[in-house]
Amino acid sequence: MKFLVIGLGSMGKRRIRNLIANNQNNLAAFDIREDRINEAHEKYGIKTYNDFEEALRIFKPDTFIISVPPDQHMYYMNYAIDNNIHCFIEASVVDGGMEEILEKSKKNKDIKICPSCTLRFHPSIKLIKNLLDEKAIGKISHFTYHSGQYLPDWHPWEDIKEFYVSNKETGGCREIVPFELTWLNWIFGNIKSICGFKDKTINLGVDIDDVYSLNVKYGNGVLGSLVVDVVSRFAIRNLVINGDKGQIQWNWNEKCLKLYDACESRWIIYEEPKGSAAEGYNVNIIEDMYIDEIKSFIDCVEGKGEFLNSLEEDYTILQYLYGLEKADESKSYIEY
């Protein structure tokens, strides 16, 4: 396969590393910024272009890795479908044009379009999925989950005003809500109703909502409470799931998952396999899950398996985000 990485910001460079880690060396990259294409060429020794049409004409890719800001995804996804090019897309937060792309993809099933679902490849989250499928804590009652990281710490090497997470529509907190729901719904199912609030609670120097707080009820009766913020000065992902036969606790800073077996009155500790983080990132943002995600995409394109996420699921998740925002505005709850 010939991969064209579109966008050479933080995620684009990460995806180049992921491809190389998966022994894929037939790749090139496109970005309009000269500094970024020079950096990618020097670091990875790959072909780089600052003109999209030129990259297509000369390199002739059959696969896109779309790592541009979310409000630019649709242009490249449409191009991919119209020109029979497989594509992997980073996490979405804007659904404008998604329905048209869904219709096109149904008519061209040979082209694989895979939206990112990185945390489904995290070892502890995969373990949680398996434990719940095996009824390890019995019937699930409810869960609480907090995901927070101070926005200026995301990319300490650049001003957040130069980064798409400072824009209202693609704001960092707004982006992380579907990012987290993508794996939570993989575990708990589809949401039946949702309510909550969002607000700008502190001064980050940009006009975005920095906290989203939501309550959800799933179709299977499970209740959930989720807080996503970009104001936590110490980065956290903390999950507690309660069942009638036990409890699961996962705090990503502890590098392990804990299961309380009420029948045996004991804790079982599952240590996470050691992973490595890229320089400049939080130590818990391990590269391994990104590498595994790209491997799954490659396998999907090569007909060796299905990817863990789909356009349909991605679109559904975005409707929950919009539903929460509508619930906040109307001070009511939204049914699905």
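Residues numbered from 1 in each chain as written. Predicted model: local features only at pLDDT ≥ 70, side-chain atom pairs only at ≥ 80, totals over all residues. Heavy atoms only, no water.

> Teacher, can you tell me more about the sheet that holds strand S3 (residues 47–49) here?
Two orientations exist for strands paired in a sheet by backbone hydrogen bonds: parallel and antiparallel. Ordered in space as S3-S2-S1-S4-S5-S6, the six strands form an open sheet in which the pairing is parallel. The open sheet is flanked by S3 and strand S6 (113–115), the only strands paired with a single partner. Within this sheet the neighbouring strands show an average axis-to-axis angle of 20°, counted without direction. As defined by bridge partners, strand S1 (residues 3–6) adjoins strand S2 (residues 27–30) across four bridges and the pair is classed as parallel. Among the inter-strand pairings, isoleucine 6 is bridged to a residue of S2, identified as phenylalanine 30. Strand contacts of helix H1 (residues 10–21): S1, S2, strand S4 (63–66) and strand S5 (86–89), with the helix running at about 160° to S1, the strand carrying the most contacts. (Pairing = 2+ DSSP bridges. Helix = DSSP H or I, 4+ residues; strand = E, 2+ residues; numbered from the N terminus. Axes fitted to C-alpha atoms, helices over the stretch in contact; angles between N-to-C directions. Contact = heavy atoms within 4.5 Å.)

> When you look at the sheet that holds strand S14 (residues 266–271) in this model, what are you seeing that I'm missing?
Strand order in the open sheet made by the nine strands is S14-S13-S12-S11-S7-S10-S9-S8-S15, with mixed pairing throughout. Of all the strands in the sheet, just S14 and strand S15 (334–335) have a single pairing partner and so form its edges. Sheet topology note: the strand S12 (residues 246–251)/strand S13 (residues 256–261) ladder contains six bridges and is antiparallel. Considered in S13, the bridge of isoleucine 248 is made with leucine 259. Together, strand S7 (140–148), strand S11 (236–243), S12, S13 and S14 form the strand contacts of helix H6 (residues 123–133), whose direction differs from that of S12 by roughly 170°.

> How should I be thinking about the nonpolar core in this particular structure?
Note that soluble globular proteins tend to have their nonpolar side chains buried in a common cluster. Grouped together as the largest cluster of nonpolar side chains are 81 residues, with contacts concentrated most on Phe143, Phe188 and Ile241. Looking at this core, the element that brings in the most residues is helix H7 (residues 172–188), giving ten residues. (Core = buried A, V, L, I, M, F, W, Y, C linked by side-chain atoms within 4.5 Å. Buried < 20%, exposed > 50% of the residue type's maximum accessible area, 1.4 Å probe, protein only.)

> Any chance you could explain H6 here in plain terms?
The α-helix winds at 3.6 residues per turn, so residues separated by three or four positions along the chain end up facing the same way. Those residues of H6 that sit buried are Ser124, Ile125, Ile128, Lys129, Leu131 and Leu132. Along H6, the residues classed as buried sweep out an arc of 165° about the axis, all on the same side. Here the buried face of H6 lies against S7, H7, S11, S12, S13 and S14. With its phi angle positive at about 60°, lysine 135 sits one or two positions after the end of H6. (Arc of directions from axis to C-beta.)

> In this structure, what is going on with unusual backbone geometry? I would like to understand it.
Among all residues except glycine, the phi angle is most often negative; among peptide bonds, the trans geometry is most common. Backbone geometry at lysine 60 places phi at a positive 55°, although glycine is not the residue there. Since its relative accessible area comes to 56%, lysine 60 is described here as exposed. In this structure, serine 265 takes a positive phi of about 50° despite not being glycine. The residue serine 265 is located in the loop between S13 and S14 in this model. The exposure class of serine 265 is exposed, given its relative accessible area of 54%.

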